[in-house]
Amino acid sequence: MKEKILITGGTGYIGSHTAVELIDAGYEVEILDNLYNSKAGVLERIEEITGVKPNFHEVDLRDAEALAKVMAEGGFGTVMHFAGLKAVGESVEEPLRYYENNVGGTINLLECMQEYGVHKMVFSSSATVYGDPGEVRYTEEMPAGRELSSPYGRTKYFIEEMLKDAARSDADFRVTILRYFNPIGAHKSGLLGEDPNGRPNNLMPIIMKVVAGEIPELSIYGNDYETNDGTAVRDYIHVVDLARGHVAAMQKLDGGERVQIYNLGSGKGTSVLEMVKAFSEAAGVALPHKVVARRPGDLAEFYADPSKANAELGWHTEHTIEEMMQDTINYLRKSGVEV
Ligand code: NAD
Ligand code: UFG
């Protein structure tokens, strides 16, 4: 019998795809989420794909009592910790809410894990912790925490530091910090994808809203960067590749270093204009767009050096940008959008 995993934020975009991969790999999973940015219907979608409906706890991480109850009854071996707020712009306007939810929620979670003897965690961090390192290809050795562009990014960095301290103080604790680049795409079935509540901030969810007719056109933030075509370059990673990276990382937790850090990205950069072109080709329709001013805080170009994850986890990205677009379009169609 494989160990039982608690997935915080498991009805969310990345957590739900990871739940599917974990179930497919034979693990028993339970999901905890306050449904702030996701819907309970995701649980049935997971069941449709895997044949298993995970046990669900509608709990806020900041509610220590409710959390303790879940942990006391769960018998978990590992916690995969996705739950958090992630809107960069909103975090600038409401920084304390971000610290309270992301950092405060994680403190509760760690205390609870300690109390109930759960010693392993995989944490969702972000390439944003590298700040502006002055190089475009990020390796894990680069210093983190400098010149971070938002309170959101600082919550990720502070949590990383907290996790390192927790590991220093507890010889049994093992944590893997995964620094994601730009996750996009959807499950092949079209049953799971990115479906945030409220107004999206990221490129693909905005493109999806344009296609659905909810936003008239995509605003491209700047075409005067020093890149191939002047638009900003990012490392887009298919969400299923990212989810599989979590399974690989979790399987390496036992017996390794107390703290391990991996970039999860493809290692390839794609510009905003290339993304628009790829989407239009996959959908067979032109995507309305215009160029506007740069977005404050955006960097011109960055992508992952994923060689550490490739070598140590035996993990590689498998999906191309075209597949990311196809799967997004399939998800939109399955959700009733005409495209
Ligand atoms: P998401 O919003 O779809 O999922 C996060 C889930 O956490 C949501 O379902 C939300 O309801 C839940 N949640 C938030 N606060 C909670 C709380 N206090 N208690 C319980 N549940 C809570 O986001 P996602 O894209 O799946 O991201 C998952 C994680 O990965 C986040 O921590 C995010 O910061 C990180 N990350 C995401 C990206 C990205 O581009 N999507 C990039 C880097 C890192
Ligand atoms: N973009 C546009 N128009 C839009 C939205 C985005 O042109 O309407 C551009 C951005 O300028 C950027 C690219 O598309 O060049 C990607 O933007 P996203 O907002 O999708 O992603 P970011 O790279 O800005 O940020 C993402 C996550 C953050 C994370 C960061 C680093 O949203 O959480 O990657 O990992 F911190």
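Everything here concerns the structure above.
K.L.:
Explain the packing of aromatic side chains to me, please; I cannot follow it from the model alone.
P.N.:
Scanning all chains against the criterion turns up six aromatic pairs. A ring pair is formed by Tyr157 and Phe158, whose centres lie 6.2 Å apart and whose planes are at 50°; its orientation type is tilted. The exposure class assigned to Phe158 is partly exposed, which follows from its relative accessible area of 37%. A cation over a ring is seen here: Lys2 above Tyr27, with NZ or CZ 5.0 Å from the ring centre. Above the plane of the ring of Tyr262 lies Lys308, whose end atom (NZ or CZ) is 4.6 Å from the centre.

K.L.:
How should I be thinking about the pattern of salt bridges in this particular structure?
P.N.:
Side-chain pairs of opposite charge can arise whenever the charged atoms involved come near each other. A full pass over the atoms with the stated rule returns 23 salt bridges. The residue Arg62 makes a salt bridge to Asp60 at a minimum N-O spacing of 2.7 Å. Judged by its relative accessible area of 33%, Arg62 falls in the partly exposed class. Where Glu90 meets Arg97, a salt bridge forms, and the shortest distance between an N and an O atom there is 3.2 Å.

K.L.:
Which parts of the structure should I look at to understand the site of ligand 2?
P.N.:
Lining the immediate environment of ligand 2, one finds 22 residues, of which Asn202, Ser219, Arg234, Arg295 and Asp298 sit closest. In this structure, a nitrogen atom belonging to ligand 2 sits 2.7 Å away from a main-chain N or O atom of Ser219. Between ligand 2 and Arg234, the relevant distance is 2.7 Å, taken from an oxygen atom to a side-chain nitrogen or oxygen of the residue. Secondary structure elements with two or more residues in the shell around ligand 2: helix H7 (203-211) and strand S9 (218-221). When residues of the shell around ligand 2 are assigned to their parent elements, the largest contribution, four residues, is made by S9. Tallied by class, the residues present in the shell around ligand 2 amount to 13 nonpolar, six polar and three charged.

K.L.:
What am I meant to see in the site of ligand 1 here?
P.N.:
Residues in close proximity to ligand 1 total 27 residues, the closest being Asp33, Asn37, Ser38, Lys86 and Tyr152. Gly12 is positioned such that a nitrogen or oxygen atom in its backbone is 3.5 Å from an oxygen atom of ligand 1. Lys156 is positioned with one of its side-chain polar atoms (N or O) 2.8 Å from an oxygen atom of ligand 1. Considered on its own, ligand 1 offers 820 Å² of accessible surface; in the complex 95% of this is hidden by protein. Elements supplying a minimum of two residues to the shell around ligand 1: helix H1 (13-24), strand S5 (120-126) and helix H6 (151-169). Sort the elements by how many residues they give to the shell around ligand 1 and S5 lands first, with three residues. Tallied by class, the residues present in the shell around ligand 1 amount to 12 nonpolar, 10 polar and five charged.

Analysis parameters
Note that residues are indexed from 1 along each chain, following the sequence as it is written. Whichever chain is written first is A, and whichever ligand is written first is 1; the rest continue in order. Two thresholds apply to this predicted model, a pLDDT of at least 70 for residue-level local features and 80 or more for giving and counting side-chain atom pairs, whereas whole-chain, interface and lining totals are computed over all residues. Each side-chain value is worked out from all heavy atoms of the structure, with water and hydrogens disregarded. Any pair of Phe, Tyr and Trp rings, taking the six-membered ring for Trp, is counted once the centres come within 6.5 Å. Such a pair is stacked with planes under 30 degrees apart, edge-to-face with planes over 60 apart, and tilted for the rest. Partly exposed describes any residue whose relative accessible area lies between the buried limit of under 20% and the exposed limit of over 50%, with all areas from a 1.4 Å probe on protein chains only and scaled to the type maximum. Charge-over-ring placement is defined geometrically: NZ (Lys) or CZ (Arg) within 6 Å of the ring centre, and within 35 degrees of the ring normal. The salt bridge definition used is simple: a Lys or Arg side-chain nitrogen within 4 Å of an Asp or Glu carboxyl oxygen. Being near a molecule or strand, for a residue, means having at least one of its heavy atoms within 4 Å of it. Pairing of N or O atoms within 3.5 Å defines a polar contact, subject to two protein rules: one partner must be a possible hydrogen donor and the other a possible acceptor, and residues neighboring in sequence count only if both atoms are side-chain atoms. Only DSSP runs of H or I with at least four residues qualify as helices, and only runs of E with at least two residues qualify as strands; both kinds are numbered from the N terminus onward. The classification used treats Ala, Val, Leu, Ile, Met, Phe, Trp, Tyr, Cys and Pro as nonpolar, Asp, Glu, Lys and Arg as charged, and all other residues, Gly among them, as polar. Areas reported as accessible are Shrake-Rupley estimates using a 1.4 Å probe. Residue values count occlusion only from the protein chains shown.

Note that every value here comes from positions in space, so none of it alone points to a role or purpose.
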